[in-house]
Amino acid sequence: MTTTIAPSRLTRFKNNRAVQRFAESTSGLIGLGLTIFIGLAALLAPVLNPYDPTTDRDYAARLQGPSWEHWFGADGLGRDILTLVWYGLRTSLVIGLVSVLLGLIIGVSLGLAAGYFRGWIEGVVGWLTDVMLAFPSILLAIAVVTITGPSVVSVMMAVGIVQIPKFIRLTRSMVLSLREQEFVQTVRAFGAQPPRIIFLHILPASLAPIVVQSTLAIGTATLEAAGLGFLGLGAQPPTPELGTMLSDAFKGGYSLSAPWTILFPGLFITLTVLAFNLLGDGLRDAIDPKGSR
Amino acid sequence: MGRYIFARLLRLIPVLLGISLLVFLFLHLIPGDPAVTMLGDRATPEQVEVLRERMGLNEPLPLQYLSFLGSLLSFNLGTSIFTGVPIWDEILLRWPATFELSVIAMLIALVVGIPAGVIAAVRKNSLIDNVMMSGSLLGVSMPVYWLGLLLVYLFAVNLQWLPASGRLGVDVGFTFAPITGFFIFDALIQGDFVAFGNILSHLVLPAVTLSTIPLAILARITRSAMLEVLSQDYIRTARAKGVVEFWVVAKHALKNAMLPVVTIVGLEFGTLLGGAILTETIFSWPGIGKWIYEGILLRDYPVVQGGIVFVAFVFVLVNLLVDISYAFLDPRIQYK
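Counting restarts for each chain: residues are numbered from 1 in the order of the written sequence. Chain letters and ligand numbers both follow the written order, the letters beginning at A and the numbers at 1. Owing to the predicted nature of the model, reporting of local features is limited to residues with pLDDT of at least 70; listing and counting of side-chain atom pairs is limited to 80 or more, with chain, interface and lining totals taken over all residues. Derived side-chain values reflect all non-hydrogen atoms in the structure, with water molecules and hydrogen atoms excluded from consideration.

Trainee: I'd like a rundown of the pattern of salt bridges, residues and numbers included.
Mentor: Residues and elements named next belong to chain A. By convention in these notes, a salt bridge is any Lys or Arg side-chain nitrogen within 4 Å of a carboxyl oxygen on Asp or Glu. Taken as a whole and judged by the stated rule, the model has 13 salt bridges over all chains. As a salt-bridge pair, E122 and R172 come within 2.9 Å of each other at their nearest N and O atoms. Of the two residues, E122 is situated in helix α6 (residues 119-133) and R172 in helix α8 (residues 152-178); the sequence distance between them amounts to 50 residues. Exposure remark for R172: the relative accessible area of 29% places this residue in the partly exposed category. With a closest N to O distance of 3.0 Å, E180 and R179 form a salt bridge. Overall, E180 belongs to the partly exposed group, its relative accessible area being 46%. Exposure categories follow from relative accessible area, calculated using a 1.4 Å probe and restricted to protein chains: below 20% of the type maximum is buried, above 50% is exposed, and the middle band is partly exposed. Given a relative accessible area of 15%, R179 falls into the buried group. A single network of salt bridges, built from pairs that share partners, joins R118, E122 and R172. Numbering of helices and strands runs from the N terminus; a helix is a DSSP stretch of H or I covering at least four residues, while a strand is a stretch of E covering at least two.

Trainee: Explain the packing of helix α11 (residues 245-273) of chain B against helix α14 (residues 301-329) of chain B to me, using residue names and the numbers behind them.
Mentor: All names here are of chain B. Angular values range over 0 to 180 degrees, each being the angle between N-to-C directions of two axes fitted as lines to C-alpha atoms, with helices fitted over their stretch in contact. In contact at an axis separation of 9 Å, α11 and α14 are set at 165° when each is read in the N-to-C sense. Here α11 is positioned roughly antiparallel relative to α14, judged by the angle of their axes. As α11 runs across α14, the sense of the crossing is right-handed. Where α11 abuts α14, its residues L259, V262, T263, G266, L267, G270, T271 and L273 lie against V314, F315, V318, N319, V322, S325, Y326 and L329. Gly is placed with the polar residues, together with every amino acid not listed as nonpolar (Ala, Val, Leu, Ile, Met, Phe, Trp, Tyr, Cys and Pro) or charged (Asp, Glu, Lys and Arg). Class assignment for the residues of the contact of α11 with α14 results in 10 nonpolar, six polar and no charged. Here roughly perpendicular refers to angles of 65 to 115 degrees, roughly parallel to angles under 35, roughly antiparallel to angles over 145, and oblique to all remaining angles. Two helices that cross are described as forming a left-handed crossing if the nearer one is turned anticlockwise from the farther one by less than a right angle, and a right-handed crossing if clockwise. Only heavy atoms matter for contacts: two residues are in contact if any of them lie within 4.5 Å across the pair.

Trainee: Let's hear about the interface of chain A and chain B: which residues, and what values?
Mentor: Accessible area lost on assembly of the parts is the figure often given for the size of an interface. Residue-level contacts link 38 residues of chain A with 42 residues of chain B. At the surface where chain A touches chain B, the tally comes to one salt bridge. Between D281(A) and R220(B) there is a salt bridge, and its shortest N-O distance comes to 2.8 Å. Contacts described as polar in this section are N or O atom pairs within 3.5 Å, which, within protein, must combine one atom able to donate a hydrogen with one able to accept it, while residues neighboring in sequence count only if both atoms come from side chains. Inspection of the chain A/chain B interface yields eight residue pairs in polar contact (both at pLDDT 80 or more). Those elements giving two or more residues to the side of chain A that touches chain B turn out to be α6, α7 (137-148), α11 (207-230), α12 (242-251) and α13 (260-287) of chain A.

Trainee: Outline the environment of R90(A), listing residues and values.
Mentor: Residue and element names in this part refer to chain A. When you line up the elements, R90 lands in helix α5 (residues 81-117). For R90 and T222, which are 132 residues apart along the polypeptide, the C-alpha to C-alpha distance reads 11 Å. In contact with R90, other than residues within four places in its own chain, are A42, L43, A45 and P46.

What follows is the structure in structure tokens.
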């Protein structure tokens, strides 16, 4: 039974227009390739790299440039920068993913409620969105971290909160157009309850733009998290994090005399953000070819 | 038009109240006694009590909020715990630096971003389009502070063409009177061209760094708006009438493509004015962003509170101006 179903599903997937359009998008494919590469590298860090970023130090190699022994050079404490970047990538990716998930869950829920029930709920959610969007995102994130104290969890919360209004706006606008469509009117006429209509009919229909927004948001979240790290409000030592590495080099005063201490962490932040931006753009082009230019 | 502006102003009131409420709660959500947090563990109970009294922390919370609101309305944002200087004076001192940097950064973004977007749209799918769009994607993907550090390494340390930090060289000093606080303007109106050149050289690296994101976004938005307009009938008509392609693009298309661009310019300018914390920190630029950051490090919460409230208000004000300018640019809006 399964042998007959599996190929047909695969064929259906391959024949899907959006999938075909994505397969034709060079930038989308580059983004997907980069994302897989970065994801695998982060996932397999402990397997492929035997060094422990928190304890392994080579004081003799302090601030030495790239060499066969230390491909990306060593930092001010004699730590191998390749190892730090590798593990830092893990931290940055986890922060990016978790914070977007947080923003997604809260933002989409509020957006669904505001768009479907309208009335006072829409008023309150709309007000909250306007107020949150009145703060430049990095400031809002800084305020949250100031309250919760600098740590990886705080950064996830801060960056996640910043994402909430964007998801609210997107979901609300999707729901507003979907709730008036015939298929929703029909299930409502058959007496379906709001939770059923929202989660079984409206949410699946608005999933595509939410997926695109989430992919792009991972890029933004990674950038914001690294920014907090750079200000010293992110992961605390000895947890390796890319923004914190830049901060250490800048505050330690060796960012300009040993440029490799800033070059590689920044390069990998850029690569990660670029990967998700390319992937998000590719997905948007595939799902909404008219809207993309 | 008047009704539109009035309605827009009315909608501003709940947002401003929300901002004030969030900023007020900020201080109270920090775990522990704010007075102890600010003074440190070594403070005596008497010192803590004096600060609590000074900050009105012994009053009930709703009363504290009302008095906070009253202070905001009278432009009284309290005083810095660390320097003892009124917050409003500190803001007025730093604001010109942030404003000057933001204006120059925005000018760079406009002068480079809009033509880049237009060229990319006119030469859609060509090599130049691909290069420009890849460049703009790289621009929004790069941490600005990293780019800033790289620029400093290249142009200030290696080539020694430009200064790495500050607004004015120590060797030049104040040969002009800082009347407005906008150094570049002050030096120019007083005819001090040596200082003017020095100020300009100090502006280059931070302004280029800060302009990266708005530039990249402007290029993308301009391209997409131009593509939209260029495919419309009236453009085909203009071409059919034999209008030279340059004028079709520059006069007929560009004007109508500017509406979304104006929104983005406003939003991005609002963000820049909000004090580019990261860029100002890298370049030791004595603006609002760096000041708020130092407030956080020193746990000078009135500074953080006052700074955030000011930045948010500026941001809201710029958005309001964008909306109003929208009504001027697109007369259809007032009839909605």
